[in-house]
Amino acid sequence: MASLRISQVGVRGVVGRGGITARHVLDFGAAFATFLATEGPVVIARDPRASGLMLREGLVAALLAAGRDVIDLGIASTPVIQHTIRQRQAAGGVSISASHNAAEWNALKFFGPVGTYLTTAEADELLDIYHLRRFYAAPWNKLGQVELDSSAIDRYLDELSEVFHFDQLRQFRVVVDCSNGTSSRILRRLNERFGFSLILINAAMDGRFAHEPSTSARVVGLQLAPLVQPLAADAGFLFDADSDRVAFATELGEPVSEELILPMLSDYLLPRSEGKIVLTNLSTTSLNEEVASWHGGKVVRVPVGRNAAIDALNAHRPEQIALAGEGTGAVMMPQFRFVYDGIATMLTLLEKSAARQQPLSQLVAAMPRYSMLKGEVPLKRHRIPQLLELLATALGEGKINRQDGLRVDLPSGRWGDNAWFHVRVSQTEPFVRVIAEARGAAPQDLFDEVMETTRAHA
Amino acid sequence: MTKREHLLKIGVSGIRGVVGEFLTPALACAFAQAFGTYTGRGRVILGRDTRSSGPMLEHAVTCGLLSVGCDVVQVGVLPTPTIQMYVAATGALGGIALTASHNPPEYNALKLFNEQGQFFNHYERGELIDLFHQGEFTDAGNFELGTISQEFSTPARMHFERVLKCVNRERIRQRNFHAAIDAVNGAGSILTPHFLEHELGCRLEAISVDPTQPFPREAEPTPQSLGDLKELMKRTGAEIGFAQDPDGDRLAVAKPDGTLLDNDEVLALVVDAVLSRMPGNVVVNLTTSSVIDEVAAWHGCKVFRSAVGEANVVERMLAHQAVIGGEGSNGGIIFPTVHFCRDSYTGMAFLLDRMAETGLGITELAARLPKFHRASTKVGFQHGRLAGIIQATEARFPEARADRTDGLKLTFTDGAWLHVRSSNTEPLMRLSVESREADRTQMLLKAGTDILGS
């Protein structure tokens, strides 16, 4: 597998060993400082990865050299950075975190003013500046200065406390797998300051990961789910390293597919929201459409990736949107300023449980069953256009969407109800990703056929 | 021919340049990576002076060191000698001081030290530059990356203890000297007043001791740049005045009337003080006054000469097991008992100790030194001219003894000398002359200047 990826998403890779070097960090930091249009400081934070210090030092040097003041939050989550950008009227921010990747990976994610991800056009511009390597250098007596801001997490919790009814939520007994990431620091403060009784596991922040910090039902099943019943907990939640995603297990200790999080939240938020649009990408479950239809909502699908989601958000008025999210457990909600936020998502699920007076297992059971199959094929032959054409011809009797690879929603019949497949090239790794889903049982035949064609061409 | 400004210089003295478009964080980081690749994985001490670009470069260098697997011990704002001594004292693999020493504030530089806390020697420097140019640095994987620790107070304490052990501290304290300091808002801003007031019991008049402010004067302590100290001396009646450069390795000394001692005289007084306690060999550079030879002769000691530059002096000192050395030309005093580096604190302590011991003021101590007349000048460097100048100079004075260690030094039978060389750090050629008579010195200066200007 390639160990370095420089793209619109930023820079991501294994640290050293042919992956991210100090030079990448300095150059991306300099490019970002050159890119920023508005005056103001840049907010940065990192997750607890061992390489975080090296990346921080390089990033800070580059920003200072470009005359930008730096507000360093230390170890803090991506959502905390995004809120701090807005609170401190910063020009932008950078998160040093490879979120769900393994411990030896790291990445830089960039944010504009107001704390949102860059749009596709902005991300393109940043990448062009990076490649051009003509970075702005401030004169020697106009360099920036570093400020350490240790109260950002508290301000973030204060904002959460204004959106959620903590007095309803702190009754829940919840086990949290912090994946040795930033949620450890934040949730410990939530316990201390607001009397929550979250039980934290994998809470050490020494750069070593007890498991891959990925928000999937599979990882939830490893260590977290088996603890829920013995601890008589109401739920188990698991966060990725920078806490923008979440996965969970019910009070019965059952890991729940991360795909269910967005529809479960739509079910709760759509009736309460003026906006009726659920924004998601082409790879998420069709359960989203079914749930939206219960509440007069409408699903708008865009290409996979944060930049595309931001483009779509910008194309609507904020009050039109009920919520937006991925199938990875990353959800953003208007009441919390459109920031992908795992902790806010956890609190919303608990709030739904309290409001419905139902345990999580019943909320999950209320969702119609959909079955999804996922596969990935290493990118070797690169005959992607031919692949997509072949699939569109062979299986394309349904609704075709070519915004991001090929998604075909198939008519009911041969492949089952609400069957669809999506084939696309990953933005972050050298893989072609294949997804097939149907209502009820898994569409194994469909999946196998698509995988076979993909293997022959990818 | 367009005049070339030395906005960036990467060479045997490390990397030095104007911060901004020239000395960039990427360059500093890469140089630190080369350094850490050279030292290998282990602890590296990192400190800086008070220049506004210090924090930026500190982050860039830390990044580079971490990335090649070095553990970074940040010591913050400290004088260069303190950093050098701390490297040696703690068994670190090396050290980096972020300081452009006496250069103007827009400059900064990486000064590099080996595990003995000494400037890299000729061979070490060559290898480091090769590593830098090859650009193949140690590739530390995730769990081999270095860590950062901070140690702000221990280094200065250790440094001062070493200096104070070599003088009679009580004798100095009892005198309660009325002293003045101009620390140029540099690395000595906090430590030097502490050293003089609390360690040596001086009544202190201090100016330019705010490390958060820019340099209020030219960074190099010269008669032209120390007008404020002179005024302070006259106003307060202080018995002795000290001035440092931004990284505290150079020392200038003022008399009660505010005029400065010649740097060669300062070195001579310290050499005298040291040799009176511990006779031994002395090493100074070729441009240092013959007053050193006379003072050494008082104690029956020998003087050896090296090329200009701290690293060169230290190399010769090691070879000759010298007890004291330095460079009169730039106010550097090297006392190996404390550490093999230029150290203004050693100078201050020995001068006050000598005053306490003899009961004499600094003016009287200086008056006892043999009189030499020195003069020097500098001209802009033009490539390719040095060889011709050397040949012309030697042809002009066939009767003199020639030394080609560093440019050309001609020594005449009466002890007078003339030295022409190119600067290590700036695009300049320097001419220095010395003799016992003012007329002869002027004659030599004019002859040398004519050759340079022709």
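By convention here, each chain's residues receive numbers from 1 onward along its written sequence. Here every chain gets a letter starting at A, and every ligand a number starting at 1, in the order they are written. Owing to the predicted nature of the model, reporting of local features is limited to residues with pLDDT of at least 70; listing and counting of side-chain atom pairs is limited to 80 or more, with chain, interface and lining totals taken over all residues. To obtain the side-chain values, all non-hydrogen atoms of the structure were used and water was disregarded.

Draft legend 1. Local environment of the packing of aromatic side chains. In summary, the pairing rule links any two rings of Phe, Tyr or Trp, Trp by its six-membered ring, whose centres are within 6.5 Å, and it sorts them by plane angle into stacked for under 30 degrees, edge-to-face for over 60 and tilted for everything else. Across all of its chains, the model carries 19 aromatic pairs over all chains by this definition. Ring centres 5.2 Å apart and planes at 50° place the aromatic pair phenylalanine 160 of chain B and tyrosine 345 of chain B in the tilted group. Placement of phenylalanine 160 of chain B in helix α5 (residues 154-164) and of tyrosine 345 of chain B in helix α12 (residues 344-358) is noted, with a sequence separation of 185 residues between them. Each residue is placed in one exposure class: buried if its accessible area under a 1.4 Å probe, protein chains only, is under 20% of its type's maximum, exposed if it is over 50%, and partly exposed if it falls in between. Overall, phenylalanine 160 of chain B belongs to the buried group, its relative accessible area being 4%. A residue is classified by how much of its surface remains accessible, and tyrosine 345 of chain B, at 0% relative accessible area, is buried. Among the aromatic residues, those joined into a ring-pair cluster are Phe28, Phe32, Phe35, Phe110 and Tyr130 of chain A. Helical segments are the DSSP runs of H or I of at least four residues, strand segments are the runs of E of at least two, and each set is numbered from the N terminus.

Draft legend 2. Representation of the domain arrangement of chain B within the structure. Residues and elements named next belong to chain B. For chain B, the domain assignment lists domain 1 (8-152), domain 2 (158-367) and domain 3 (373-453). For the domains described, the bounds stem from an automatic or database domain assignment. The distance between the C-alpha centroids of domain 2 and domain 3 comes to 27 Å. We define buried area as the total accessible area lost by two parts upon association, computed with a 1.4 Å probe and summed across both. For the pair domain 2 and domain 3, the summed buried surface comes to about 990 Å²; carbon and sulfur atoms form 43% of the total. Interface area lost by domain 2 to domain 3 is led by Leu286, Thr287 and Val308, which between them contribute 51%. Any carboxyl oxygen of Asp or Glu that lies within 4 Å of a side-chain nitrogen of Lys or Arg is treated as forming a salt bridge with it. There are three salt bridges connecting domain 2 and domain 3. We define a polar contact as two N or O atoms separated by no more than 3.5 Å, with the added condition that, inside protein, one atom must be a possible hydrogen donor and the other a possible acceptor, whereas residues neighbouring each other in sequence contribute only through side-chain atom pairs. Across the contact surface, domain 2 and domain 3 share 10 residue pairs in polar contact (both at pLDDT 80 or more). All residues other than Ala, Val, Leu, Ile, Met, Phe, Trp, Tyr, Cys, Pro, Asp, Glu, Lys and Arg, Gly among them, are scored as polar; the first ten of these are nonpolar and the last four charged. Here the residues of the side of domain 2 that touches domain 3 are counted per class, giving three nonpolar, five polar and five charged.

Draft legend 3. Layout of the environment of proline 256 of chain B. All names here are of chain B. Along the chain, proline 256 turns up in the loop between β11 (251-254) and α9 (263-277). Note: C-alpha distance between proline 256 and arginine 316 (60 residues apart in sequence) is 35 Å. If we ignore the near neighbours within four places in the chain, the residues touching proline 256 are Met233, Lys234, Ala238, Glu239, Ile362 and Thr363. The contact rule is simple, with two residues in contact once any of their heavy atoms fall within 4.5 Å.

Draft legend 4. Representation of the interface of chain B and chain A in the model. Taken together, the 29 residues of chain B in the interface contact 29 residues of chain A. Across the chain B/chain A interface, buried area totals approximately 2,300 Å², and carbon plus sulfur atoms make up 70% of it. Of all residues in chain B, His59, Asn142 and Phe143 of chain B give up the largest surface area on contact with chain A, accounting jointly for 26% of the area buried on that side. Applying the counting criterion to the chain B and chain A interface returns one salt bridge. The residue glutamate 144 of chain B makes a salt bridge to arginine 17 of chain A at a minimum N-O spacing of 2.9 Å. Run the count over chain B and chain A and you get six residue pairs in polar contact (both at pLDDT 80 or more). Elements with a contribution of two residues or more to the side of chain B that touches chain A: α1 (25-39) and α2 (54-67) of chain B. Here the side of chain B that touches chain A gets nine residues from one element, more than from any other, and that element is α2 of chain B. Its residues placed into classes, the side of chain B that touches chain A shows 14 nonpolar, 10 polar and five charged.

Draft legend 5. Representation of the pattern of salt bridges in the model. Inspection of every chain in the model, using the stated rule, returns 60 salt bridges over all chains. For glutamate 326 of chain A, the salt bridge goes to arginine 306 of chain A, with nearest N and O atoms at 2.9 Å. Taken together, the positions of glutamate 326 of chain A in the loop between β15 (321-325) and β16 (331-332) and arginine 306 of chain A in helix α11 (residues 306-314) put the pair 20 residues apart, joining distant regions of the chain. For glutamate 326 of chain A, a relative accessible area of 9% translates into the label buried. For arginine 306 of chain A, a relative accessible area of 12% puts it in the buried group. Three or more residues joined by partner-sharing salt bridges are found here, namely Lys111, Asp247, Asp249, Glu310, Glu327 and Arg342 of chain B.

Draft legend 6. How the structure looks around the sheet that holds strand β8 (residues 173-177) of chain A. Residue and element names in this part refer to chain A. Taken in spatial order, the five strands of this open sheet run β9-β8-β10-β11-β12, and their pairing is mixed. Looking at the sheet topology across the chains shown, the edges are occupied by β9 (197-201) and β12 (255-256). Strand pairing is assigned whenever DSSP detects at least two bridges linking the two strands. Direction of pairing for β8 relative to strand β10 (residues 235-239): parallel, over a ladder of four bridges. Residue pairing across strands places aspartate 177 opposite leucine 238, the latter belonging to β10. Here helix α8 (residues 217-228) sits on the sheet in contact with β8, β9, β10, β11 (246-249) and β12, set at roughly 140° to β10. To get an axis, a line is fitted to the C-alpha atoms, and for a helix only the part in contact is used. The angle between two axes follows their N-to-C directions and goes from 0 to 180 degrees.

Draft legend 7. A look at the side chain of serine 426 of chain A. Residues and elements named next belong to chain A. Inspection of the secondary structure assignment puts serine 426 in the loop between β20 (417-425) and β21 (431-439). At 3.5 Å, the side chain of serine 426 forms a polar contact with the side chain of arginine 433. Setting aside residues up to four positions removed in sequence, serine 426 forms contacts with Arg5, Phe431 and Arg433.

Draft legend 8. Summary view of the environment of alanine 312 of chain A. Looking at the element boundaries, alanine 312 of chain A is found in helix α11. What alanine 312 of chain A contacts, discounting residues up to four positions off in sequence, is Leu279 and Val302 of chain A.

Draft legend 9. Representation of the environment of phenylalanine 447 of chain A. All names here are of chain A. Residue position: phenylalanine 447 is located in helix α15 (residues 444-457). A sequence separation of 75 residues divides phenylalanine 447 from methionine 372, and the C-alpha atoms of the two residues are 9.3 Å apart. Not counting residues within four places of it along the chain, the set of residues in contact with phenylalanine 447 comprises Leu373, Lys374, Gly375, Val434 and Ala436.

Draft legend 10. Region of the structure containing helix α14 (residues 384-395) of chain A. Residue and element names in this part refer to chain A. Between the first and last C-alpha of α14 there are 16 Å, a value that for 12 residues agrees with the 16 Å anticipated at 1.5 Å per step. Within α14, the full set of buried residues consists of Ile384, Leu387, Leu388, Leu391, Ala392 and Leu395. Projected onto a plane normal to the axis of α14, the buried residues spread over an arc of 125° and lie on a single side. Seen from the buried face of α14, the exposed residues on the opposite side, beyond 90 degrees, are Pro385, Thr393 and Ala394. For α14, the secondary structure elements touched by its buried residues are β18 (399-401), β19 (406-409), β20, β21 and α15. Expected helix span is given by 1.5 Å per residue-to-residue step, counting one fewer step than there are residues. Read the arc as the range of directions from the helix axis to the C-beta atoms.

Draft legend 11. Inspection of the sheet that holds strand β2 (residues 14-18) of chain B at higher detail. Residue and element names in this part refer to chain B. Spatially, β1-β2-β6-β5-β3-β4-β7 is the arrangement adopted by the seven strands of the open sheet, whose pairing is mixed. Each edge of the open sheet carries a strand with a single partner, namely β1 (8-11) and β7 (148-150). Strand-to-strand, the axes of this sheet are offset by a mean angle of 15°, without reference to chain direction. Taken together, the three bridges between strand β4 (residues 71-77) and β7 define a ladder with parallel strand orientation.

Draft legend 12. Spotlight on the packing of helix α1 (residues 22-35) of chain A against α1 of chain B. At a minimum axis distance of 10 Å, the contact between α1 of chain A and α1 of chain B shows a crossing angle of 170°. Judged by the inter-axis angle, α1 of chain A sits roughly antiparallel to α1 of chain B. Of the residues in α1 of chain B, those touching α1 of chain A at Ala22, Arg23 and Leu26 of chain A are Pro25, Ala26, Cys29 and Gln33 of chain B. Residues of the contact of α1 of chain A with α1 of chain B, tallied by class, amount to five nonpolar, one polar and one charged. Roughly parallel here means an angle under 35 degrees, roughly antiparallel means over 145, roughly perpendicular means 65 to 115, and every remaining angle is called oblique.

Draft legend 13. Spatial organisation of the packing of α9 of chain B against helix α10 (residues 291-298) of chain B. Residue and element names in this part refer to chain B. Closest axis-to-axis distance for the α9/α10 pair is 9 Å, and the angle between their directions is 15°. The angle between α9 and α10 places the two elements in the roughly parallel class. Crossing geometry of α9 relative to α10 is assigned as right-handed. Together, Asp264, Leu267, Ala268, Val271, Asp272 and Leu275 of α9 and Val291, Ile292, Val295, Ala296 and Trp298 of α10 make up the contact between the two elements. Whether a crossing is left-handed or right-handed is set by the direction in which the near helix is turned from the far one by less than a right angle, anticlockwise for left-handed and clockwise for right-handed.

Draft legend 14. Structural view of the domain arrangement of chain A. The domains assigned to chain A are domain 1 (4-150), domain 2 (154-254), domain 3 (259-365) and domain 4 (371-457). A straight line from the C-alpha centre of domain 2 of chain A to that of domain 4 of chain A covers 34 Å.

Draft legend 15. Seen up close, the pairing of strand β1 (residues 4-7) of chain A. Residue and element names in this part refer to chain A. Two elements, β1 and strand β2 (residues 10-14), share four bridges in a ladder whose sense is antiparallel. The residue bridging isoleucine 6 from the neighbouring strand is valine 11, located in β2. Following β1, the chain reverses through two residues before pairing antiparallel with β2.

Draft legend 16. Just unusual backbone geometry, in detail. Of note, glutamine 89 of chain A is a non-glycine position whose phi angle comes to about 50°, a positive value. Residue glutamine 89 of chain A is classed as exposed on the basis of its relative accessible area, which comes to 67%. One non-glycine residue, serine 101 of chain B, lies in positive phi territory at about 50°. Turning to its location among the elements, serine 101 of chain B is positioned in the loop between β5 (94-98) and β6 (107-113). In this structure serine 101 of chain B comes out as buried when scored by relative accessible area, which is 2%.

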